[in-house]
Amino acid sequence: MANSCLQLSGFLISFLGWLCIVIATSTNDWVIMCKYGLNTCKKMDELGAKGPWAECVISTGLYHCFSYTQILDLPAYVQTTRALMVAGSILGLPAVIMCLMSMPCINLGNEPQSSKNKRTILGGVLILIVGLCGVVSTIWFPIGAHRDQGLMSFGFSLFTGWIGTVFSLLGGCMLTCCSSDSSSSSHSYQDNNRFYYSKQGGGNPAVAASTNHAKSAHV
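Residues numbered from 1 in each chain as written. Predicted model: local features only at pLDDT ≥ 70, side-chain atom pairs only at ≥ 80, totals over all residues. Heavy atoms only, no water.

Draft legend 1. Representation of the overall build of the protein chain within the structure. Of regular secondary structure, the protein chain possesses 5 helices and 5 strands. In the protein chain, the order of α-helices and β-strands from amino to carboxyl end is α-β-α-β-β-β-α-α-β-α. For the protein chain, the residues scored as buried account for 35% of the 219 residues in total. A separation threshold of at least 6 residues defines the contact pool for the protein chain, and within that pool the share at least 24 residues apart is 68%. Summing over all exposed atoms, the protein chain offers an accessible surface of approximately 12600 Å²; the carbon and sulfur share of this is 67%. (Helix = DSSP H or I, 4+ residues; strand = E, 2+ residues; numbered from the N terminus. Buried < 20%, exposed > 50% of the residue type's maximum accessible area, 1.4 Å probe, protein only. Contact = heavy atoms within 4.5 Å. Areas by Shrake-Rupley, 256 points an atom, 1.4 Å probe, with all protein chains shown as cover.)

Here it is in structure tokens:
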């Protein structure tokens, strides 16, 4: 029961983490940039936001973005962030599906529990990879943007990416650990049963022999 609750909690946390990673990947409010103070930039309409896909201009009643056109001329941190976040978003989908189909409340025919545990472990490992992609992206991008154009503050997308990274790492660890514990406990239980029945089977001939001896003595 405890492993089932832990597995369900890990799945929900992993799903929320993957969803936050997808939201961070598809938005551009990663960092807020300005060469001057915040009030000065707002008055001069020079407050900007930057993400993996575009640079945006933020002013009163205006939010306009300019997509990157020269892909090969982009800095390394932008290209790396794109690749890792897209990879994490894609890997998260089969991971969530595998973890969902491994829930204790879902049965696929006469599937043994060991197969469900292996599928849960594989899904948990994929979720951990999603979290690692988020770690590298959400740390390298603000550092590169600060060195490139100057960084004033973090944006909504970056906070969302951080939350998704933490949730993905936590949920992946929960799924992997609970499945490993349950599989090891099931193996130990089977070994104990095998030892018990083998011991009972080994003791039957002796009992039968003693019974026959008692019958012959009675005769």
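Draft legend 2. A look at the environment of Leu 91. You can see Leu 91 is positioned in helix H3 (residues 76-101). When its relative accessible area of 29% is taken as the criterion, Leu 91 is described as partly exposed. Distance from Leu 91 to Leu 126, taken between C-alpha atoms, is 6.5 Å for residues 35 residues apart in sequence. If we skip the residues at most four places from it in the chain, Leu 91 touches Leu 126, Ile 129 and Val 130.

Draft legend 3. Structural view of the environment of Ala 54. The residue Ala 54 is located in strand E3 (residues 54-59) in this model. Taking C-alpha positions, Ala 54 is 5.5 Å from Tyr 68, a pair spaced 14 residues apart along the chain. Setting aside its immediate chain neighbours within four residues, Ala 54 contacts Asn 28, Ala 49, Cys 65, Phe 66, Ser 67 and Tyr 68.

Draft legend 4. The state of the cysteines, seen in detail. Within this structure, the stated rule accounts for 1 disulfide. Across the disulfide from Cys 56 sits Cys 65; the S-S distance is 2.0 Å. An S-S torsion of about 95° defines the bridge between Cys 56 and Cys 65 as right-handed. The exposure class of Cys 56 is buried, given its relative accessible area of 4%. (Disulfide = S-S within 2.5 Å.)

Draft legend 5. Region of interest: a nonpolar patch on the surface. Residues Phe 15, Leu 16, Leu 19, Ile 23, Phe 156, Ile 163, Val 166 and Phe 167 make up a contiguous nonpolar surface patch of roughly 670 Å² in combined accessible area. Structurally, Ile 23 is set in helix H1 (residues 2-26). For Ile 23, a relative accessible area of 33% corresponds to the partly exposed category. (Patch = residues over 30% accessible without salt bridge, like charges linked within 9 Å, V, L, I, M, F, W, Y side chains within 5 Å. Salt bridge = Lys/Arg side-chain N within 4 Å of Asp/Glu carboxyl O.)

Draft legend 6. Seen up close, the packing of aromatic side chains. According to the stated counting rule, one finds 6 aromatic pairs in the structure shown. Ring geometry for Tyr 77 and Phe 141: centres 5.4 Å apart, planes at 70°, overall edge-to-face. Residue Tyr 77 is found in helix H3, and its partner Phe 141 is found in helix H4 (residues 113-148); the two are separated by 64 residues along the sequence. By relative accessible area, Tyr 77 is classed as buried at 6%. What makes Phe 141 buried here is its relative accessible area of 0%. Between Phe 154 and Phe 159 the ring centres are 6.2 Å apart and the planes differ by 85°, which places this aromatic pair in the edge-to-face class. Look at Phe 154 and you get partly exposed, because its relative accessible area is 38%. On the accessibility criterion, Phe 159 (42% relative accessible area) is partly exposed. Aromatic rings pair up to connect Trp 30, Tyr 77 and Phe 141 into one cluster. (Phe/Tyr/Trp six-rings, centres within 6.5 Å; stacked < 30°, edge-to-face > 60°.)

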